[in-house]
Amino acid sequence: MRPLLTTVNRGLRHPRVWGIAVVWMCCVAYVLFQGGKTSLMLLSMVTLLCLYLAIAGFSGVKRAQGVRRLSSGQDHEELLHAGDQVRVKLNLTIPGFLPLPYVVVREMLHRHNGESWSFKESLIPSMRGTGELSFQTPPLERGKYVFSETECASEDIFGLIEHRGTFKASGEFRVLPRTVFIPYWQLYDRKSRLSGPQTALTRSRRETTQINGVRDYVYGDRLSRIHWNATAKTGNWKSKEFEHESVPKTILVLDALAGSYPHGEAFELAVSTTASLLDYGSRERMGMGLLTLADKSSFMPPSESLIERQKMMHHLVDIQDNGKDATLLPGVEKIARQFPQGAYFVVVSPQKDEKIIELLRWADTRGMTPCHILIDSNESRQSKEWNAMLRGRGTRSFTVAHLQELPTVMGGGSV
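Thresholds, definitions, all that
Residues numbered from 1 in each chain as written. Predicted model: local features only at pLDDT ≥ 70, side-chain atom pairs only at ≥ 80, totals over all residues. Heavy atoms only, no water. Helix = DSSP H or I, 4+ residues; strand = E, 2+ residues; numbered from the N terminus. Buried < 20%, exposed > 50% of the residue type's maximum accessible area, 1.4 Å probe, protein only. Salt bridge = Lys/Arg side-chain N within 4 Å of Asp/Glu carboxyl O. Core = buried A, V, L, I, M, F, W, Y, C linked by side-chain atoms within 4.5 Å. Contact = heavy atoms within 4.5 Å.

What to know about the environment of A21
Residue position: A21 is located in helix α2 (residues 15-33). With relative accessibility at 33%, the residue A21 sits in the partly exposed group. For the pair A21 and C50, spaced 29 residues apart in sequence, the C-alpha to C-alpha distance is 8.3 Å.

So this is what it looks like as structure tokens:
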């Protein structure tokens, strides 16, 4: 009953509805005072028109429903990364038996930081009141996205009154940060003169004699690695999987303070750098943890679990540079008891002042190996002087200006 009253109230506010009502009253007066077949015919035509407009107002797009389907256009990938586009298909169902000349559909896509995009398309529904609308979003950046209510608008066949309706179709997805492949990280090179005493990795991690499982055969595997029992059971070549040497755990500290970043692109570069390092740790089977210093600081302890690594990546989707603390050290000291001994302490931050030196010195006194990844898109002279100063203190420092340069920087191509 309430939707009916709402529709009536909206209709009474429309100026054209009152104009049609005045025309109908004039036709009634014409029949009463003039009479004749002409007046009756005119009144019948106007009455039929009013009935048509009333039925179209209570049905049609007012009760439209839809189902939204999202896809990335790449069947081999389930997760969306920054820069990907999303294909949207919206199947509309408009109840009623009256034909509609066209339907204008407006979609609103909202990002978690307040940004929004509007998509407006038109379609011609079939005689059964069904139709399909397809469109593609622009390349999307990291974040959580959700579609708001879909708005439909249509006019009657005479173009007298426009009818509108809304419905809610589920449509929510997440876009992971932009990442780049890092083949090698110089921090773990035991031959590096700046490596700490806890370093236990060579350029490629050596395997132990402890069997950890079975994997698919890779061209080039030695005959001694073939797992004959698994090969006979499955019918496919299988190889033995050995455990790797243990390495110190790594803690990635992401600076998400509001005053640290001059613009949003610098913060996105810091998030992408952190996500790329997490991918590297996942491939190398290293225990990596994540500490984000934001409005609500969060710490995820180091783990080699794929599930924990996915939680870290999804946490980076929602992170924003909204931290209010003036310094980094107080936020770290609150959870210092959870840090493992002898871990790598990698700080990703654009700051190059006493706050960072204090934080790196604190990590060194706690038995950890500090490292600073400096985010500086301008590659200023101060960054080179900063790196030279940290090298003099025995602390490794990397300067990242663009995400594409990260593999070269991490591999020792530049410092």
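Right, picking up where we left off after that structure.
Observations regarding the pattern of salt bridges
One pass over the full model with this rule turns up eleven salt bridges. Among the ionic pairs, K311 bridges to E308, the shortest N-O distance being 3.7 Å. You can see K311 and its partner E308 sitting in helix α6 (residues 306-318), three residues apart, about one turn around the helix. Taking the relative accessible area as the measure of exposure, K311 reaches 47% and is therefore partly exposed. For E308, a relative accessible area of 26% puts it in the partly exposed group. Salt bridges sharing common partners tie together R111, E115, R142 and E268.

Section: the nonpolar core
Residues W185, L252, L316, V346, I373 and M410 are the most contacted members of the largest nonpolar core, which totals 37 residues. Those elements that place two or more of their residues in this core are β13 (250-255), α5 (264-283), β14 (288-293), α6, β16 (344-349), β17 (369-375), β18 (396-400) and α10 (406-410). Top contributing element to this core by residue count: α5, with nine residues. For V346, the residues in contact, after removing those within four places along its chain, are W185, L187, T250, I251, L252, V253, C371 and I373.

None of this, on its own, says anything about what the molecule does.
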